[in-house]
Amino acid sequence: MKTVGLATAFAVSLLAAPASAQSALNEILNGGVLKVGTTGDWNPMSVRDPATNSYVGYDIDVMTQLAADLGVELEMVPTDWKTLVNGVVAGNYHMTGSASISPARLKAAGYSDSYIDVEILPFTTEDKAERFGDWETINKGDVKVATTLGTTFEKSVRSWFPDAEIVVVEAPARGFQEVLSGRADVFITSNIEGSTLLTKFPNLRQIGVSNSRAPTPIAMLLPQTDQVWINYVNSWIELKKKQGFFETTAEKWGL
């Protein structure tokens, strides 16, 4: 009887396994909705309009096309940088918009193939531009470097500027806002966002460093163990690359 009971329990566990391991792809197709986590604060990738609670940007165009090709509706789920990975792990959304690939994030979440790269540059305001030259001029005790909690930029500024004073703000606040307000001297961001900020805020200046830092591939965060969903997204990315979709979308947003 004991043997029969164990065999029955084992059979039940085998029958239950496929249901518990169902891919996000099945959930999306069955439910008719693709849920994408986005911060809405990375111009021109994802920008939220508070008045309408709608999003525009490179990421939004990419996700809109993905949802269309899946034949489902798109739902943008608000999140912030410090909880971006947690949202994927908890199943709050099926994937995220663009995020830099980092070893820390790789411990908990999976990534799609990359479709765009970024590199990091420092910025300040016009009245402080003459204080700074190359990277080492930022790493001084009388310099305040602003960054947003939970971003890869936060880890970078702590590593690159150990002698500077690090000013950390929580989303939706951003490091560049601290510099514009005069509460900090320098912020770092990607070449992608930097070009947009320079156009939007004429008072900002890119610091004339000899080279950019941390060239990093950008990809979508996905559930780490859901290989079916990861395979689908990667195949879709490859197809869209061949069709020129990513190149055309990048041009549209000035990337």
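To keep things clear, this report deals only with the structure shown in the data block. (Residues numbered from 1 in each chain as written. Predicted model: local features only at pLDDT ≥ 70, side-chain atom pairs only at ≥ 80, totals over all residues. Heavy atoms only, no water.)

Considerations on the sheet that holds strand β1 (residues 33-38)
Step number 1: One open sheet holds the three strands; their spatial order is β5-β1-β6, and the pairing between them is parallel. The strands lining the two open edges of the sheet, one partner per strand, are β5 (73-78) and β6 (95-96).
Step number 2: Pairing geometry for β1 and β6, over two bridges, is parallel. Residue pairing in the sheet places Val36 in a bridge with Met95 of β6.
Step number 3: Against the sheet, helix α3 (residues 58-70) touches β1, β5 and β6, its axis set at about 140 degrees to β5. (Pairing = 2+ DSSP bridges. Helix = DSSP H or I, 4+ residues; strand = E, 2+ residues; numbered from the N terminus. Contact = heavy atoms within 4.5 Å. Axes fitted to C-alpha atoms, helices over the stretch in contact; angles between N-to-C directions.)

Structural notes on the layout of surface pockets
Step number 1: Of the volumes computed, that of the largest pocket is approximately 430 Å³.
Step number 2: Elements that contribute at least two residues to the lining of the largest pocket include exactly β2 (41-42), β3 (46-49), α7 (175-181) and α8 (191-200).
Step number 3: Broken down by element, the lining of the largest pocket gets its largest block of residues, three residues, from α8.
Step number 4: When the residues that make up the lining of the largest pocket are grouped by side-chain class, the tally is ten nonpolar, six polar and six charged.
Step number 5: Taken as a whole, the second largest pocket encloses approximately 340 Å³ of empty space.
Step number 6: Lining the second largest pocket are 21 residues, and of these Ser100, Arg105, Thr151, Thr152 and Phe153 lie nearest its centre.
Step number 7: Of all the secondary structure elements, the ones that give two or more residues to the lining of the second largest pocket are β7 (98-100), α5 (103-106), β9 (116-125), α6 (152-160) and β14 (213-222).
Step number 8: Here the lining of the second largest pocket takes four residues from α6, the largest share from any one element.
Step number 9: Here the lining of the second largest pocket is built from residues that sort into eleven nonpolar, seven polar and three charged. (1 Å grid on protein atoms, 1.4 Å probe; cavity = no way out; pocket = protein on both sides within 12 Å on 5 of 7 lines; lining within 4 Å. Points joined across faces, edges and corners; volume = space filled by probe spheres on them. Nonpolar A, V, L, I, M, F, W, Y, C, P; charged D, E, K, R; others polar.)

The analysis is restricted to geometry; functional conclusions fall outside its scope.
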